[in-house]
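The lines below spell out each chain.
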Amino acid sequence: MSKRLTDIICPFCGTLCDDIEVEVSDDGKQILEVYNSCAIGSEKFLHAQSPDRITRPRMKQEDGSWKETTYEEAAKYTAKILCDAKKPLMYGWSSTSCEAQSTGHMIAEQVGGVLDNTATVCHGSTLIAMQDVGIPSCTLGEVKNRADRIIFWGCNPAHAHPRHMSRYSIYSRGYFTGKGSKSRKIIVVDPRPTDSASLADEYIQVEQGRDYELLSALRAALRGAQLPDKVSGVTKEKIYEIVDILKGGRFVVIFFGMGVTHSLGKNHNIDMAIALTADLNNYTKASIIAMRGHYNVTGSGQVLGWQFGFPFCVDLSRGFARYNPGETSSNDLLMRGEVDGCLVVGSDPGSHFPIASVKKIHDIPTVCIDPHTTPTTAVSTCHVPVAIVGIEVGGSCYRMDNVPIESRKVVDPPAGMLTDAEFLGLVLKEVNHIKGVAE
Amino acid sequence: MESGKEKEDYMKSCGIIELDQADIDKLGILKNTNVCVSSKFNRVVVKAILATQGPHPGLGWIPMGPWANMLVDNNTYSTGTPTFKGTPVTVEPAEDEKVLSSIDLVLKACMEE
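*Asks:* Give me the sheet that holds strand β7 (residues 114-117) of chain A: which residues, what numbers.
*Replies:* Residue and element names in this part refer to chain A. In spatial order, the strands read β5-β4-β19-β18-β17-β6-β7-β15-β16; together these 9 strands make up an open sheet with mixed pairing. Looking along the sheet, the strands with just one partner apiece sit at the ends: β5 (66-68) and β16 (322-323). With 5 bridges connecting them, strand β6 (residues 88-92) and strand β17 (residues 341-345) associate as parallel partners. Paired with Tyr91 across the two strands is Val344, which belongs to β17. The sheet strands contacting helix α12 (residues 297-308) are β7 and β15 (314-315), and the helix crosses β7 at an angle near 150 degrees.

*Asks:* So what's going on with the pairing of β17 of chain A? Which residues, and what values?
*Replies:* Residue and element names in this part refer to chain A. For β17, the buried fraction is high: 5 of the 5 residues fall into the buried class. Burial along β17 is two-sided: the face carrying Gly341, Leu343 and Val345 and the face carrying Cys342 and Val344 are both buried. By the bridge criterion, 4 bridges tie β17 to strand β18 (residues 366-369) in an arrangement that is parallel. From the neighbouring strand, Val345 faces β18, where its bridge partner is Ile369.

*Asks:* An account of the interface of chain A and chain B is needed here, citing residue identities and associated values.
*Replies:* Between chain A and chain B, the contact holds 49 residues from the first and 36 residues from the second. Elements represented by at least two residues in the side of chain A that touches chain B include exactly α1 (39-47), α4 (124-133), α13 (330-335), α14 (349-352), α15 (355-362) and α16 (375-379) of chain A. Considering every element that reaches the side of chain A that touches chain B, the biggest residue donor is α15 of chain A, with 6 residues. Looking at the side of chain A that touches chain B, its residues break down into 18 nonpolar, 23 polar and 8 charged.

*Asks:* A description of the pairing of strand β21 (residues 404-407) of chain A should follow, citing residues and the corresponding values.
*Replies:* All names here are of chain A. Sheet topology note: the strand β20 (residues 395-398)/β21 ladder contains 4 bridges and is antiparallel. The partner of Cys397 across the bridge, within β21, is Ile405. In sequence, β20 turns back onto β21 through a hairpin of 5 residues, with Asn402 there showing a positive phi of about 70 degrees.

What counts and how
Residues numbered from 1 in each chain as written. Chains lettered and ligands numbered in written order. Predicted model: local features only at pLDDT ≥ 70, side-chain atom pairs only at ≥ 80, totals over all residues. Pairing = 2+ DSSP bridges. Helix = DSSP H or I, 4+ residues; strand = E, 2+ residues; numbered from the N terminus. Contact = placed C-beta atoms within 7 Å. Axes fitted to C-alpha atoms, helices over the stretch in contact; angles between N-to-C directions. Buried ≥ 20, exposed ≤ 12 C-beta atoms within 10 Å, placed from the backbone. Nonpolar A, V, L, I, M, F, W, Y, C, P; charged D, E, K, R; others polar.

Next up, the structure:
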């Protein structure tokens, strides 16, 4: 007889859905079916059962083949490369729990490492903009209950955050939004008419890389200024129309994604989007929220923030925390050849960094802590598979609106596998031993 | 993405470039054939397919992944974030060349030089 577990947290995207139901076998060892989740979330739960899963640490041999080792040996190796390195990079942290992040940060303090999370190739520009101009924001609960004007700018939730629209932003029926999608006007701004655009009341096809100009034009139009006939490929009539729609709303929320953070202008695009939000508050209520990708990238920023004062790119190599994106950021450090040892936790820079940076990771001793086989594990010298947070072990995570949610264990990990917090604990013990620090 | 990045499905989903029919005609390539995409930083072989979320004239779209990251500008302009979007590229027919799997692609690129 199978059991149905309810109120499970999905450890995939920053929406961190908390209404997942999972059917497990009677002995609690196998996931049989996943309910309520999106296709990607289901796949993550079911892939945990994959028969070809790697369950023991492995070291790369000189001929490129892998040799199985123990967690203890892998921890010794990891501690050694981190202690031997002058500037070890400890990257990732977005697909693991806040508890594991905290243990990793203790290691970084001992070895003088650079701590950077996946925001560095994602919403790093957003974090810089927030430090520059502040951010008027709210929680997704407020979006659900109050927002009647939603803008998706440079993001495609239909593919990247599939349940965001039904739980919070388009279809959900809240206290003041009882008619669901009928009580909201949806605007999508994107160079591609995405599947999210097909759900919108208004679609604006902005020229690629011209977001700053269009955001400025919206601000100018909001103040009643005259516009040229076209801005960023959009007619002035359309811009005035959009401004009227926004001004007519009771609560405007702008969601934005990689379309603005990755295009030229970067943090300045976000500055302008935040400034537009602030301006809108002269007419109605407005907030802005970043569509964070990994389920706990927000948590990594939070933990780094309360421990060191900065949300990413934290350099501890001088014995105190320094933060200077462009200098202490992973890709810049790698490209300048400053990194001489690397630890990757719950992330895949092998796929998501420009290839020139991946080559640098390949050329130095690198340990990758990840349950899955990825291009990063392929370029690493040691791969440490661990239990999957949110499926095989619980832990704290932060949703994209900075709301902490405790993820839950659903099934046991394969026999003998450690969690990443446990493995990092072993590494910390070894590092303390090498450094002669009393426990 | 969550079914295993070493698997063929990942290559089929991300080792592609989506183009408008008009651009495919202009480039002298055939849809569903392999093409070589090159930028000033590197080159990569991917499969050209008709835009699934289009039209977007003049714009090619390669999903986030190692194939796209062969081509992008690694300059972060002091933000920490490489310039992943808006890379000018050339697309040429490469019907005889193979699209490499994620791991083969990355390992081959790392072994070069």
